[in-house]
Amino acid sequence: MTNNEVKTIFDRIAPVYDRLNDWLSLGQHRIWKEMTVKWSGAKPGDTSLDLCCGSGDLSFVLARRVGLTGQVFGVDFSPQLLEVAKSRTQSQYPRSPITWIEADILNLPFDDDRFDAATMGYGLRNVTSIPQSLKELHRVLKKGARAAILDFHRPSNPQMRVFQQWYLDNLVVPIASHMGVKEEYAYISPSLERFPTGVEQVEIGRQVGFTSVTHYPLMNGMMGVLVLTKF
Ligand SMILES: C/C(=C\Cc1cc(O)c2ccccc2c1O)CCC[C@H](C)CCC[C@H](C)CCCC(C)C
Ligand SMILES: C[S@@+](CC[C@H](N)C(=O)[O-])C[C@H]1O[C@@H](n2cnc3c(N)ncnc32)[C@H](O)[C@@H]1O
């Protein structure tokens, strides 16, 4: 997949993205996102970063955490999903401290050592270079700062694996098909097949310079959060 093909997928699904995530995860993705922000260590007054922010779910949770004395930068390369995020900001009160930036996370438009905390939700599996995305993340974090990265994961338990594949093939793709975005949702399964396991993600994190790296399985290993600290 090229960057442009990935961007096209997310631009196309933008109008139905939030609704489908709520339906297909039975609302559970909101809990996984809350946990991710907690694990990022973001606190009041922090300058925080949400990579591959899409329609902004994690950015809004970060904004609540850092409060009005903090700042959130949501970065994504899909103009259509960023439009959804911006439209959601308008309904926030008090005003969210969020700046939306259209950019490629493989080449972040920020100086070194800028952020106190960072998140990424369902972005790592979609980037064209995982090492480059983590290198950029490492570069822009301050020393001592933490990042938490949420994504799908292939469970090691064979029964959970069969259940996950069944769920994707028999619920996710048919419901997405009903909404006119079958091909886009059919892409989740092969992208997950190629995605490094938690153990492999930890190794890549170490290779790019993070000293403390742990992968936490969620939902019996069907999802996972990679937590990385820069020292
Ligand atoms: C918020 C979620 C996924 C975001 C997401 C990520 C992608 O890479 C995509 C690629 C292409 C199209 C869409 C997406 C996309 O939406 C996670 C929740 C949504 C999932 C589709 C639900 C998957 C659920 C688990 C496999 C099983 C959970 C079972 C439980 C009983 C709820
Ligand atoms: C599945 S969505 C996740 C959106 C949001 N974080 C969430 O959890 O709902 C993946 C996002 O990654 C973005 N993305 C993928 N590769 C990117 C890149 N190289 N630079 C910026 N955004 C990218 C896509 O545009 C899309 O919005």
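Residues numbered from 1 in each chain as written. Chains lettered and ligands numbered in written order. Predicted model: local features only at pLDDT ≥ 70, side-chain atom pairs only at ≥ 80, totals over all residues. Heavy atoms only, no water.

With an unreviewed UniProt entry as reference, the chain is termed 2-phytyl-1,4-naphtoquinone methyltransferase, source organism Scytonema hofmannii PCC 7110. Per UniProt, the comment on the chain under Catalytic activity (unreviewed entry) is "demethylphylloquinol + S-adenosyl-L-methionine = phylloquinol + S-adenosyl-L-homocysteine + H(+)". (UniProt positions renumbered as here; feature names shortened; annotations may be inferred.)

S.K.: I'd like a rundown of the site of ligand 2, residues and numbers included.
M.R.: Residues in close proximity to ligand 2 total 19 residues, the closest being Tyr17, Cys52, Asp76, Asp104 and Gly121. The contact in question runs from an oxygen atom of ligand 2 to an N or O atom on the side chain of Asp76, over 2.6 Å. Ile105 is positioned such that a nitrogen or oxygen atom in its backbone is 2.9 Å from a nitrogen atom of ligand 2. Across the complex, the protein chains shield 98% of the 590 Å² of accessible surface that ligand 2 would expose by itself. If you tally residues by element for the shell around ligand 2, the top one is helix H1 (residues 3-13), at three residues. (Near = heavy atom within 4 Å. Polar contact = N/O pair within 3.5 Å; in protein donor to acceptor, adjacent residues only side chain to side chain. Areas by Shrake-Rupley, 256 points an atom, 1.4 Å probe, with all protein chains shown as cover. Helix = DSSP H or I, 4+ residues; strand = E, 2+ residues; numbered from the N terminus.)

S.K.: Any chance you could break down the packing of aromatic side chains for me, citing the residues and the numbers?
M.R.: The geometry of two aromatic rings is summed up by the distance between their centres and the angle between their planes. Counted according to the given criterion, the structure contains eight aromatic pairs. Measuring from ring centre to ring centre gives 5.7 Å for Phe73 and Phe110, while their planes differ by 70°; the resulting arrangement is edge-to-face. Placement of the pair is Phe73 in strand E2 (residues 71-76) and Phe110 in the loop between strand E3 (98-102) and strand E4 (115-121), with a sequence separation of 37 residues. Centre to centre, the rings of Phe73 and Phe115 are 5.8 Å apart; their planes meet at 75°, and the pair counts as edge-to-face. You can see Phe73 sitting in strand E2 and its partner Phe115 sitting in strand E4, a full 42 residues away along the chain. There is no split in this pair, since Phe73 and Phe115 are both buried. If you follow Lys7 out to its NZ or CZ, it ends over the ring of Phe77, 5.3 Å from the centre. (Phe/Tyr/Trp six-rings, centres within 6.5 Å; stacked < 30°, edge-to-face > 60°. Buried < 20%, exposed > 50% of the residue type's maximum accessible area, 1.4 Å probe, protein only. Lys NZ or Arg CZ within 6 Å of the ring centre and 35° of its normal.)

S.K.: Could you give an account of unusual backbone geometry, naming the residues involved and the relevant values?
M.R.: At Cys52, a residue that is not glycine, the phi angle is positive and equals roughly 55°. Of note in the backbone geometry, Met219 takes a positive phi value of approximately 50° without being a glycine. With respect to the helices and strands, Met219 occurs in the loop between strand E6 (212-218) and strand E7 (223-229). Classification of Met219 by relative accessible area gives partly exposed; the value is 35%.

S.K.: How would you explain the sheet that holds E4 if you had to name every residue and give the values?
M.R.: Hydrogen bonding along the main chain pairs the strands of a sheet, whether they run parallel or antiparallel. Taken in spatial order, the seven strands make up an open sheet running E3-E2-E1-E4-E5-E7-E6, and their pairing is mixed. Because the sheet does not close on itself, it has two edges, and the strands there are E3 and E6. When the angles between neighbouring strand axes are averaged without regard to direction, this sheet yields 15°. Across seven bridges, the pairing between E6 and E7 is antiparallel. (Pairing = 2+ DSSP bridges. Axes fitted to C-alpha atoms, helices over the stretch in contact; angles between N-to-C directions.)

S.K.: So what's going on with the state of the cysteines? Residues and values would help.
M.R.: Using the criterion set out here, one finds zero disulfides in the structure. No disulfide involves Cys52; its sulfur sits 8.0 Å from the nearest other cysteine sulfur, which is in Cys53. Classification of Cys52 by relative accessible area gives buried; the value is 19%. (Disulfide = S-S within 2.5 Å.)

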